[in-house]
Amino acid sequence: MLLKIAWRNVWRNKRRSLITIAAIFIAVLLAIFLRALQLGMYDNMINNVVGSYSGYVQLHSKGYWDDKTIDNAFEVNQSVLADIQNIDGVSTILKRIQAGALSSYNDLSKFVYITGIDPENEEILTDWNKRLIEGRLLKKDSKSIIVAKGVAKYYNLKIGDTLIFIGQGYHGMQAVGAYPLQGVVDMKNPNLNNYSVFMTLPVAQDFVSAENLITNLVIDKEQYFDENKIAQVIKSKINNQSYDIMTWKEMTPELDQLIEADNAGGILIIMILYMIVTFGIFGTVLMMTQERLYEFGVLISIGMRRSKLMITLIYETILLTFTGIMSGVVVSLPIVNYFYYNPLRLFGAASAQMETAGFEPVIPFMNSYDIPLTHSLIILCISLIICVYPILIIYQLQPIKAMKR
Amino acid sequence: MNVIETKNISKLYKQADQDIKALNDVSINFKKGEFTAIVGPSGSGKTTFLNTIGGLDSPSSGKVLIDNNEITKLNSNQLIDFRLRNIGFVFQSYNLIPVLTAKENVEFIMLMQGSSKSIRDKRSVELLKSVGLDDQLNRRPNQLSGGQQQRVAVARALASKPKFVLADEPTANLDSSSTSNLLDIMSRLNKKEKMTFIFSTHDQRVIDRANRIITLEDGKILSDINVK
Ligand SMILES: Nc1ncnc2c1ncn2[C@@H]1O[C@H](COP(=O)(O)OP(=O)(O)OP(=O)(O)O)[C@@H](O)[C@H]1O
Ligand SMILES: [Mg+2]
């Protein structure tokens, strides 16, 4: 009955309630849209760079990150490997060796990074099949190489063409080799696309004369595990004198800063949005309360407990906001889902800007239920806080004063 | 047996220039089944008196006993519950919950008392029939005339089976035919169900229907006459 009364009271002033609901609707829709876009963009950035390539945590020999020469390669100890594998939240461990080299084909040459990978294990981190655009992927015993699409485009390479590499090997050894091309991949990241060449770990180790050595140990985590915690545990378990353990935020601080800065801007916009909505809801609740003081007086006089009257007003406020929230959420779902499956493709200046920052100029929306839930709850909380006003008014209402005209 | 007893109640309003004694040492009793009019000039204390015996206002001094319960001792929440169970109210106007129908308004008070749905249904229809509104059950207050609204208010006041009904100028906003209609209904309920009514009024026609007339002046009882 109280709920029925509340529902009817909401519609007593149809126009005012509709305006309030519309304001909440727009705020919820905008908030969800903005966050789905932003978080989707960050997620995509992190996934392209971190989740599917560099891993959330990496282990290097001390000093490697600042001086990425092959002389900083190290031999990974089987017991260290086992220790790390046993840590909670660690899913896969990948060995890689990376070295810079000059590549050449016909009369063109270009600096590239050669990365030796273990094809079978790499498959666990990334679905390389999705990246392959031409040719075949590396197998365990492949002697050929695959290159990223930027490199292939630079040389205008076809499958079967042979690339020549010249570089510095381990401890001053010469590194020279010629390898046929067996595939081209899209690394979904302009930087990686422009400089990446892949071969199997043994082939790469042989090229730089660094048998059994690696430069990067890539440690991937299970979903939703905190990478900082994993890094912490690894640090406590292994010898810190000879290794550096870095999370993706340390390895690519630009990415982290970029996201943080952009995120702060988004949150500010949403806070302003919420402030406007708060005043909108408050204004309505204020009027809903003030114009009915006489009625409240009558109700308390004939024997309605103040608490029941308060509950009615709380219902009214919540029904009002809930209607707005639900309509916002319901309308946002198909929109967000559409852009999740059909990512927004940027063009013009924005696209160029993203490309130079090293990202694909596409924004797939995040369709996690977290976003609508968070924003619904925030507005619901705001409305609950606003309920304090009618509660206080009813608490101190004197029926005979309220009924005096 | 006395339904209401007041013992030396006074109500003092402290004003900047002078204090106003809205009630001045009033001691009076009401018996079950009385049909009483409180009369007197404007400002004589009628509303203050009804509010005090109805537990809406507390006297500055003195006691109010209802069925031998001293209501002047109850706290605010106890008073609300006491009013719900023992007293029916009819105010001058805007008595009803605007978003509820006539029937729902009558049921509302029984709902707060915790009556079951079947009892509420039966009694609300019965009561609205007794005030001649059985064809207006599902109308909202704004679809009813002022007189009809007051009749719904009387039905609601009776719905809780109170010990008495207080009505402060219930006919002040009504035309003469609605006034006599409402009075007919109240006096019939008074005779048939022995319901005690206490109402204040300025209207001579209403005074004529009462069987007890109490006249107030400056917060004091000027006269207390039993008619018939
Ligand atoms: N809240 C208040 N503050 C100060 N004085 C008040 C207050 N309420 C009532 N009074 C005074 O108390 C006296 C009695 O008022 P009351 O309303 O009981 O009169 P009444 O007989 O009902 O008058 P009316 O016929 O005009 O309704 C009046 O002098 C009034 O001015
Ligand atoms: Mg009065």
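Attention now moves to the overall build of chain A. Looking only at helices and strands, one finds 17 helices and 14 strands in chain A. On C-alpha atoms alone, chain A measures out to a radius of gyration of 30 Å, which is more than a quarter above the 22 Å that the 2.2 N^0.38 rule sets for 405 residues. Overall size of chain A, expressed as C-alpha extent along the three principal axes, is 100 × 45 × 30 Å. Evaluated residue by residue, chain A yields a buried proportion of 52% over its 405 residues. Positive and negative charge centroids in chain A, built from 35 and 35 side chains respectively, lie 19 Å apart.

Below, the discussion takes up the overall build of chain B. Across its full length, chain B carries seven helices and 10 strands. The C-alpha atoms of chain B give 17 Å as radius of gyration, which agrees with the globular expectation for 228 residues (17 Å, within 12%). Here the C-alpha coordinates of chain B stretch approximately 50 × 40 × 40 Å along the principal axes. Residue burial in chain B is summarised as follows: out of 228 residues, 57% are buried. A separation of at least 24 residues holds for 69% of the contacts in chain B among residues at least 6 apart in sequence. Taken as a whole, chain B presents about 10100 Å² of accessible surface, with 46% of it coming from carbon and sulfur.

Taken together, the 26 residues of chain B in the interface contact 21 residues of chain A. Counting the surface lost from both chain B and chain A, the interface buries some 2300 Å², and carbon and sulfur atoms represent 65% of this. At the surface where chain B touches chain A, the tally comes to three salt bridges. At the junction of chain B and chain A, the tally comes to eight residue pairs in polar contact (both at pLDDT 80 or more). Looking at the side of chain B that touches chain A, the elements that each hand over two or more residues are α2 (76-86) and α3 (102-113) of chain B. With six residues, the top contributor of residues to the side of chain B that touches chain A is α2 of chain B. A breakdown of the residues in the side of chain B that touches chain A according to their chemical character gives 14 nonpolar, six polar and six charged.

All names here are of chain A. You can read the domains of chain A as domain 1 (2-49 + 256-404) and domain 2 (63-240). Look at where the C-alpha atoms of domain 1 and domain 2 centre, and you get two points 48 Å apart. The interface of domain 1 with domain 2 comprises six residues on the first partner and five residues on the second. Of the roughly 480 Å² buried where domain 1 meets domain 2, counting both sides, 46% is carbon and sulfur surface. Across the domain 1-domain 2 interface, the total number found is zero salt bridges. Linking domain 1 with domain 2 are zero residue pairs in polar contact (both at pLDDT 80 or more). Tallied by class, the residues present in the side of domain 1 that touches domain 2 amount to two nonpolar, two polar and two charged.

Turning next to unusual backbone geometry. With phi around 70°, N212 of chain A is a residue other than glycine that occupies positive phi space. If you trace the backbone, N212 of chain A turns up in the loop between α8 (201-207) and β10 (213-214). Under the relative-accessibility criterion, N212 of chain A is labelled exposed at 52%. One non-glycine residue, D67 of chain B, lies in the positive phi region at around 50°. Note on placement: D67 of chain B falls in the loop between β4 (61-66) and β5 (69-70). On the basis of relative accessible area, D67 of chain B is assigned to the partly exposed category, the value being 24%.

Moving on, we get to the pairing of strand β8 (residues 174-185) of chain A. Residue and element names in this part refer to chain A. When strand β5 (residues 132-135) meets β8, the two strands line up antiparallel, connected through three bridges. Each bridged residue has a counterpart across the sheet, and for G135 the counterpart in β8 is G183. Pairing geometry for strand β6 (residues 145-148) and β8, over four bridges, is parallel. Pairing of V147 across the sheet is with V184, part of β8. For strand β7 (residues 162-168) and β8, the ladder comprises seven bridges, and the chain directions are antiparallel. Directly across from I164, in β8, lies its bridge partner A178.

Residues and elements named next belong to chain B. The six strands are arranged β6-β7-β8-β3-β9-β10 in an open sheet whose pairing can be described as mixed. If you trace the sheet from one side to the other, it starts and ends with β6 (87-90) and β10 (220-226), each paired once. Sheet twist, expressed as the mean angle between neighbouring strand axes with direction ignored, is 15°. Here strand β3 (residues 35-39) runs beside strand β8 (residues 196-200); their pairing, made up of four bridges, is parallel. The residue bridging A37 from the neighbouring strand is F199, located in β8.

Let's shift gears to the sheet that holds strand β2 (residues 19-31) of chain B. Residue and element names in this part refer to chain B. Reading across the sheet, the four strands line up as β2-β1-β4-β5 and stay open at both edges, with antiparallel pairing between neighbours. Strand pairing shows two members of the sheet lacking a second neighbour, β2 and β5, which therefore form its edges. Of the pairings in the sheet, the one linking strand β1 (residues 2-14) to β2 comprises nine bridges and is antiparallel in character. Bridge pairing links I9 to V26 in β2.

Moving on, we get to the packing of aromatic side chains. All names here are of chain A. Applying the stated criterion to the full structure yields 20 aromatic pairs over all chains. Consider the rings of F33 and F365, whose centres lie 5.2 Å apart with planes at 70°: the pair is edge-to-face. Here F33 is found in helix α2 (residues 14-54), whereas its partner F365 is found in the loop between β14 (362-363) and α15 (370-386), with 332 residues between them in sequence. On the accessibility criterion, F33 (29% relative accessible area) is partly exposed. In this structure F365 comes out as buried when scored by relative accessible area, which is 2%. Centre to centre, the rings of F74 and Y243 are 5.5 Å apart; their planes meet at 70°, and the pair counts as edge-to-face. Of the two residues, F74 is situated in strand β2 (residues 74-75) and Y243 in strand β12 (residues 243-247); the sequence distance between them amounts to 169 residues.

Scoring rules and cut-offs
- Residues numbered from 1 in each chain as written.
- Chains lettered and ligands numbered in written order.
- Predicted model: local features only at pLDDT ≥ 70, side-chain atom pairs only at ≥ 80, totals over all residues.
- Heavy atoms only, no water.
- Helix = DSSP H or I, 4+ residues; strand = E, 2+ residues; numbered from the N terminus.
- Rg over C-alpha atoms; globule rule 2.2 N^0.38 Å.
- Buried < 20%, exposed > 50% of the residue type's maximum accessible area, 1.4 Å probe, protein only.
- Lys, Arg positive; Asp, Glu negative; His and termini not counted.
- Charge placed at Lys NZ, Arg CZ, Asp CG, Glu CD.
- Contact = heavy atoms within 4.5 Å.
- Areas by Shrake-Rupley, 256 points an atom, 1.4 Å probe, with all protein chains shown as cover.
- Buried area = accessible area lost by both parts, 1.4 Å probe.
- Salt bridge = Lys/Arg side-chain N within 4 Å of Asp/Glu carboxyl O.
- Polar contact = N/O pair within 3.5 Å; in protein donor to acceptor, adjacent residues only side chain to side chain.
- Nonpolar A, V, L, I, M, F, W, Y, C, P; charged D, E, K, R; others polar.
- Domains from an automatic or database assignment.
- Pairing = 2+ DSSP bridges.
- Axes fitted to C-alpha atoms, helices over the stretch in contact; angles between N-to-C directions.
- Phe/Tyr/Trp six-rings, centres within 6.5 Å; stacked < 30°, edge-to-face > 60°.

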